[in-house]
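In case you want the letters, here they are:
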Amino acid sequence: MRSFGVSPDHNMFPSVLKSCAFLKDLRVGECVHGCIVRFGMEFDVFTGNALMNMYSKLGGYHVFDERSERGGISRNGGGLGFVIDGVRKVFEMMPVRDIVSWNTVIAGYARNGMCDEGLRMIRDMGNAGLKPDVFTLSSVLPVFAEYVDVLRGKEIHGYVIRHGFCEDVFIGSSLIDMYANCTRTRDAYRVFCLLPYRDYVSWNSVIAGCVQNGLFDEGLNLFRQMVIAGIKPVEVSFSSIIPACAHLTTLLLGRQLHGYIVRGGFDKNVFIASSLVDMYAKCGNIRISRWIFDDIEKPDMVTWTAMIMGYALHGHPRDAISSFERMILDGVKPNDVVFLAVFTACSHGGMVDEALKYFNSMTQYYGISPCLEHYAAMSDLLARAGKLEEAYRFISNMQIKQTGSIWSTLLAACRSSNNIELAEKISKKIVALDPENLCVYVLLSSTYSASERWGDAANLHSKMRNKGLKKKAASSWIEVGKEVHAFVAGDNSHPSYNEISDAHDVLLTQMELEGYVPDTS
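What you are looking at is a predicted structure, and each value in this text was computed from that prediction instead of being measured. (Residues numbered from 1 in each chain as written. Predicted model: local features only at pLDDT ≥ 70, side-chain atom pairs only at ≥ 80, totals over all residues. Heavy atoms only, no water.)

**Brief notes about the overall build of the protein chain**
And then number 1: On a plain count of helices and strands, the protein chain comes out with 28 helices and two strands.
And then number 2: For the protein chain, the spread of C-alpha atoms along the principal axes amounts to about 100 × 55 × 50 Å.
And then number 3: Looking at the protein chain alone, contacts between residues at least 24 apart form 60% of all its contacts between residues at least 6 apart.
And then number 4: In the protein chain, the 52 positive side-chain charges and the 57 negative ones have mean positions that sit 4 Å from each other. (Helix = DSSP H or I, 4+ residues; strand = E, 2+ residues; numbered from the N terminus. Contact = heavy atoms within 4.5 Å. Lys, Arg positive; Asp, Glu negative; His and termini not counted. Charge placed at Lys NZ, Arg CZ, Asp CG, Glu CD.)

As structure tokens, then:
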């Protein structure tokens, strides 16, 4: 158009700027901005809005990828300031600012994690005589969800109530996400219940919130209610609810969901497939996990991790390690979570040398700093292999802050090997880090009892009583047919208790005939 000598007008530039934002091409966007200035259209409200939208969207993309390589901009420093300053300057130069102008700059701040600036702009907007609308509030709520800032989220919720936005389904879904991310599941559910109309987004938000916060039964119940209400599940519905089946090990329900997924044509979705791989592995069917995995055209990091961890937990360490090596050959760069799966596999297989090799490769080749879970997995591996002193040195030299839980793993190993001297040394460390840690008293008492030091064990029990500490009763559950049966130690209320007890006696007799001798220490 320009080569034909046709001059652009104010209707054309917003479309070109949208294209620059979509292509994440900041340099072309800057050229277009220069062209806008030369044509004297920078004061047009539609063009100004499009400019701000482009700059704010490119704040998290191209500017960091390109300019940081040239040494000019970093994600935590000048790059973000450069882009946001551009947005702000365009905004301040506009002689007329409509609701879209304000929303664009507020969304820019929110998108780039500048919560305080975004909130301040909302207040300035009100002072300028413009009332924040649904888009304004929907822009900032996801930021508070991401940064787990429930106080600021409540501030927005208060504004929503005062100005009559409570019934808006978009605001409602954003509030549900915010409260769920801040672990305020009850508040999220209240917001959901108060919505006069619930679309699939609000249903999926509250279901995902329940599952993410460990309320698996509640999530499954809401999923059933959603289907009964005539809301058809979408991809995100299954990605949210399948982990609940995995955690509850409800294979029957998981299979029903799998059938629904296949009938709905969702089985080729890599996120859903990854959830199914994880679910079947956790429910004990590693063969079906592998079958689903092999059917995925291009497995991503999440899928590989689910498969590797499945092998690790089912006692197939060699399969887990070979899968990890295949993943590397396929060009998938490992993250910190997949290394945790590898260490778990090595721990179950007693593969100490391999684990140390992979632990060192994390930082040397992939630039991943070990976190507490990695150190815990490695110390568990060394302890299982009987290398208690080596595990003690490993934890003592770890590069991050020690916790009572990581020492507890080693303390449990001391009980198995009757290493009382090391157990006492570790116990002092745990008590110093976490005085209320019940685990240290239970494990040390068990270690004393195994060595027939009854007086020391009795003293520990006395300390526990004086501190008001009480051991939580052990529990387990099993799925039989279509019913889940739960058991708690010391509880004989199950309707089939007598039959279960009789079966236990029969099995114990058969075990003893096969040569089993119980450890009564």
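**Examining helix α6 (residues 99–111)**
And then number 1: In this model α6 runs 18 Å from its N-terminal to its C-terminal C-alpha over 13 residues, within 8% of the 18 Å that 1.5 Å per residue would give.
And then number 2: With 10 of 13 residues buried, α6 is to be regarded as a mostly interior element.
And then number 3: Sitting at the amino-terminal end of α6 is aspartate 98, which places a side-chain oxygen 3.2 Å from the backbone nitrogen of valine 100.
And then number 4: Remark: glycine 113 follows α6 within two positions and exhibits a positive phi of approximately 75°. (Expected span 1.5 Å × (residues − 1). Buried < 20%, exposed > 50% of the residue type's maximum accessible area, 1.4 Å probe, protein only. Polar contact = N/O pair within 3.5 Å; in protein donor to acceptor, adjacent residues only side chain to side chain.)

**What about the UniProt feature "repeat: PPR" (unreviewed entry) in the protein chain?**
And then number 1: The residues that UniProt annotates with the feature "repeat: PPR" (unreviewed entry) are residues 98–132, 199–233 and 300–334.
And then number 2: Between the C-alpha atoms that bound residues 98–132 there is a distance of 11 Å. The span itself is 74% helix and 0% strand.
And then number 3: Span residues 199–233 is 74% helix and 0% strand, its end C-alpha atoms 11 Å apart. (UniProt positions renumbered as here; feature names shortened; annotations may be inferred.)

**Considering the packing of aromatic side chains**
And then number 1: All told, the structure shown has 16 aromatic pairs when counted by the stated rule.
And then number 2: Consider the rings of phenylalanine 91 and tryptophan 102, whose centres lie 4.9 Å apart with planes at 75°: the pair is edge-to-face. Of this pair, phenylalanine 91 sits in helix α5 (residues 78–93) while tryptophan 102 is found in helix α6, placing the two residues 11 residues apart along the sequence.
And then number 3: A ring pair is formed by tyrosine 375 and phenylalanine 394, whose centres lie 5.6 Å apart and whose planes are at 50°; its orientation type is tilted. Residue tyrosine 375 is found in helix α22 (residues 372–384), and its partner phenylalanine 394 is found in helix α23 (residues 388–396); the two are separated by 19 residues along the sequence. (Phe/Tyr/Trp six-rings, centres within 6.5 Å; stacked < 30°, edge-to-face > 60°.)

**Observations regarding helix α7 (residues 115–127)**
And then number 1: Compared with an ideal rise of 1.5 Å per residue, which puts 13 residues at 18 Å, α7 spans 19 Å between its outermost C-alpha atoms and is within 8% of the ideal.
And then number 2: Within the sequence span of α7, burial applies to Cys115, Gly118, Leu119, Met121, Ile122 and Met125. With its buried residues spanning 155° around the axis, α7 presents them on a single face.
And then number 3: Looking one or two places after α7, you find glycine 129, whose phi comes out positive at around 90°. (Arc of directions from axis to C-beta.)

**As for the side chain of serine 237**
And then number 1: Mapped onto the elements of the fold, serine 237 is located in helix α14 (residues 235–248).
And then number 2: Among the polar contacts made by the side chain of serine 237, one reaches the side chain of asparagine 204 at a distance of 2.6 Å.
And then number 3: Among all residues touching serine 237, those that are not within four sequence positions of it are Asn204, Phe223 and Met226.

**Side note on the packing of helix α18 (residues 301–313) against helix α19 (residues 317–329)**
And then number 1: One way to put it is that α18 packs onto α19 with a least axis distance of 7 Å and a crossing angle of 160°. One way to sum up the angle between α18 and α19 is to call them roughly antiparallel. In this structure, α18 meets α19 at a crossing whose hand is left-handed. Across from Met301, Trp304, Ile308, Tyr311 and Ala312 in α18, the residues of α19 making contact are Pro317, Asp319, Ala320, Ser323, Phe324, Arg326 and Met327.
And then number 2: When its residues are assigned to classes, the contact of α18 with α19 shows nine nonpolar, one polar and two charged. (Axes fitted to C-alpha atoms, helices over the stretch in contact; angles between N-to-C directions. Parallel < 35°, antiparallel > 145°, perpendicular 65-115°, else oblique. Left-handed = near helix turned anticlockwise from the far one by under 90°. Nonpolar A, V, L, I, M, F, W, Y, C, P; charged D, E, K, R; others polar.)

**Overview of the confidence of the model for the protein chain**
A low pLDDT means the predicted coordinates there should not be read in detail.
And then number 1: Considering every residue of the protein chain, the mean pLDDT works out to 85; 94% of them sit at 70 or more.
And then number 2: The low-confidence segment residues 60–78, where pLDDT is below 50, has 35 contacts with residues more than four positions distant or belonging to other chains. (pLDDT = per-residue confidence, 0-100.)

**Observations concerning the nonpolar core**
And then number 1: Within the largest apolar cluster, 146 residues are counted, with the highest numbers of intra-cluster contacts made by Ile156, Met178, Ile241, Ile242, Met279, Leu410 and Ile426.
And then number 2: Those residues within four positions of isoleucine 156 in sequence are excluded, and the remaining contacts are Leu119, Ile122, Leu137, Val140, Leu141 and Phe144. (Core = buried A, V, L, I, M, F, W, Y, C linked by side-chain atoms within 4.5 Å.)

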